[in-house]
Amino acid sequence: MKKDFFWRISLIAAATLLSIIFYLPSTDLRESLPDWLQKYGIVLGLDLQGGVHLVYEVDGDKAVDITVERITSSLANIFKEKKIEAKVEKQNSDIIISPDSTGVSDTVSKEFPNLELSTRSNGKLVYRLTDREIERIKNFAVDQALETIRNRVDQFGVAEPTILRQAKNEIVIQLPGVKDTKRAIDLVGKTAILQFKLLDDESPVAAQLPGVISPAQEEEVLKKFAGQVPEGDEILFGKVRSKKTGVETTRVYLTKKQSLMTGEFLTEARVNIDRRYNEPYVSITFNSTGAKLFEQITANNVKKRLAIILDDNVYSAPMIQEKIAGGSAQITGSFTMQEAKDLAIVLRSGSLPAPLKMLQNVTVGPSLGRDSINAGINAGLIAALLVIVFMIIYYKMSGLIADFALVLNIVFLIGVLSAFNATLTLPGIAGIILAVGMAVDSNVLMFERIREELRVGKTPRAAIDSGYDKAFWTIFDSHVTTLITAVVLFQFGTGPIKGFAVTLGWGVLINLFTALIGTKTVFDLITSKWEVKRLSI
């Protein structure tokens, strides 16, 4: 019996000590703790520490449009390689091929089986994507956007973000602790379509374009030159910010519409410092296919300007002095170090498959989060205090033992959440309070069983053993069913519901330990040391 006591008491003491140790990183002592310990601790959720809550809608129609445009370009190249005399044009969501020459239909069917022939008339073939393929593209666009955003946020350095799909084409993003809302929105929502296009400096229109304008004049420039831009060209703008004054201006460019290369060949993007000007720039590296293509582009366009464009914004347009081998390039501009880092992040994580439309932008301030913490703590303390007082009044000394188990329950639960670096939310605090209620429930069941055994004339020691034995399966069954509920909530619930499920699930498991082992150990210790003739219950 003494050996059994030793192990049970040692287990309770060790669990208490570990719970306190794991909780320490959540306190003001964090900085003074060893490095290995600092990774533990409770992370506060968005509703407790403030942050950003964003809801985006993925433009599935644009994803389909981008796919149709890519297919149009690919078909034109395939016809050229196979020497098929046919012109390929994109009109809305249709691909028009003319004339209906030999080999066109077979080539389209072989290369793009997801295209179906819509109409055939006057020597023209009109193809469009099948309904099934359109649905697949839209669904894939949301999944790909979700993964891209998750990669960006991970590199952004947000602790315990919540990123999940909602409805058919919406994405919910919660970034706890983020204070710079604008930077977070820019980083998450940037489409990041990287393109390399030649400037058309030989066109007379290029000489007429204003060099530098204010951002407010962009629409005016587009309207003024609307009918003068040559077919196959377009006007793009590049933002330039003065480092001395901070004033942003816009540079006007006339570029070719055709993209010579895109960011799909990108493998690395990192920030470096230009030693000549002590300014940050982004160095990009291509894979083997991209390196060959970039070398070919630069070799064929020496003494021409190549624009580096991200989301239709021209970052730089350097003159190609010679063929560039090695598969690397630089994106320069009036960057701050933070802007260069963010640009590198979005390039590394890849471009979004379609633009995002912001549906909701809610910023939760730290003060509001602090109010939530205080309200949750107050609710928990009041609930615990009422329970403690009730147990002492109703069950006397045995109620005090139950209160000891209740305190252990809270200490162990906080320790487990800290050890697993769990995110605590307001619903999570509600889960803790519910776990406290269940802990009391278990003791009430056991105490009533013990009372029944005492009424039939059993000794306190025998009544305690019999009461715990008879109450065991009732307590076990109720906890298992609650645990199953918590698992289901965690598996299928969203962020706040998951927070509730985590605290409830761990609370149930810990309660089984404190109720069946913790209080029983105290009762056994008392009855073995003293001859108890009457149990205070």
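Structure: above.
Note that the coordinates shown come from a computational prediction; the quantities given were computed from them, not determined experimentally.

Engineer: Mind showing me how you'd approach a nonpolar patch on the surface here?
Structural biologist: Together, L385, V389 and I393 make up an exposed nonpolar region whose accessible area comes to about 300 Å². Among the structural elements, I393 can be located in helix α12 (residues 366-419). I393 sits in the exposed class, given a relative accessible area of 65%.

Engineer: Help me understand the layout of surface pockets in this model?
Structural biologist: Here the idea is plain: a probe the size of a water molecule rolls over the atoms and shows the empty space left. Approximately 1,200 Å³ is the volume attributed to the second largest pocket. Forming the boundary of the second largest pocket are 38 residues, of which K239, N313, Y315, F335 and E339 lie nearest the centre. Elements represented by at least two residues in the lining of the second largest pocket include exactly α7 (181-189), β11 (233-241), β12 (248-256), β15 (279-286), β17 (313-316) and α11 (337-349). Looking at the lining of the second largest pocket, its residues break down into 14 nonpolar, eight polar and 16 charged.

Engineer: Help me understand the environment of E452 in this model?
Structural biologist: Residue placement: E452 occurs in helix α13 (residues 426-455). On the basis of relative accessibility, which here comes to 38%, the residue E452 falls in the partly exposed class. Separated by 175 residues in the primary sequence, E452 and Y277 place their C-alpha atoms 87 Å from one another.

Engineer: What is the right way to look at the pattern of salt bridges in this model?
Structural biologist: A side chain of one charge can pair with a side chain of the opposite charge when the charged atoms of the two come close. Within this structure, the stated rule accounts for 23 salt bridges. Here D233 ties to K256 by a salt bridge, and the two come within 3.8 Å at their closest N and O atoms. Here K256 lies in strand β12 and D233 lies in strand β11, a separation of 23 residues in the sequence. K256 gets classed as partly exposed once you look at its relative accessible area, which sits at 34%. Three or more residues joined by partner-sharing salt bridges are found here, namely K62, D65 and K90.

So, how was this worked out
- Residues numbered from 1 in each chain as written.
- Predicted model: local features only at pLDDT ≥ 70, side-chain atom pairs only at ≥ 80, totals over all residues.
- Heavy atoms only, no water.
- Patch = residues over 30% accessible without salt bridge, like charges linked within 9 Å, V, L, I, M, F, W, Y side chains within 5 Å.
- Areas by Shrake-Rupley, 256 points an atom, 1.4 Å probe, with all protein chains shown as cover.
- Salt bridge = Lys/Arg side-chain N within 4 Å of Asp/Glu carboxyl O.
- Helix = DSSP H or I, 4+ residues; strand = E, 2+ residues; numbered from the N terminus.
- Buried < 20%, exposed > 50% of the residue type's maximum accessible area, 1.4 Å probe, protein only.
- 1 Å grid on protein atoms, 1.4 Å probe; cavity = no way out; pocket = protein on both sides within 12 Å on 5 of 7 lines; lining within 4 Å.
- Points joined across faces, edges and corners; volume = space filled by probe spheres on them.
- Nonpolar A, V, L, I, M, F, W, Y, C, P; charged D, E, K, R; others polar.

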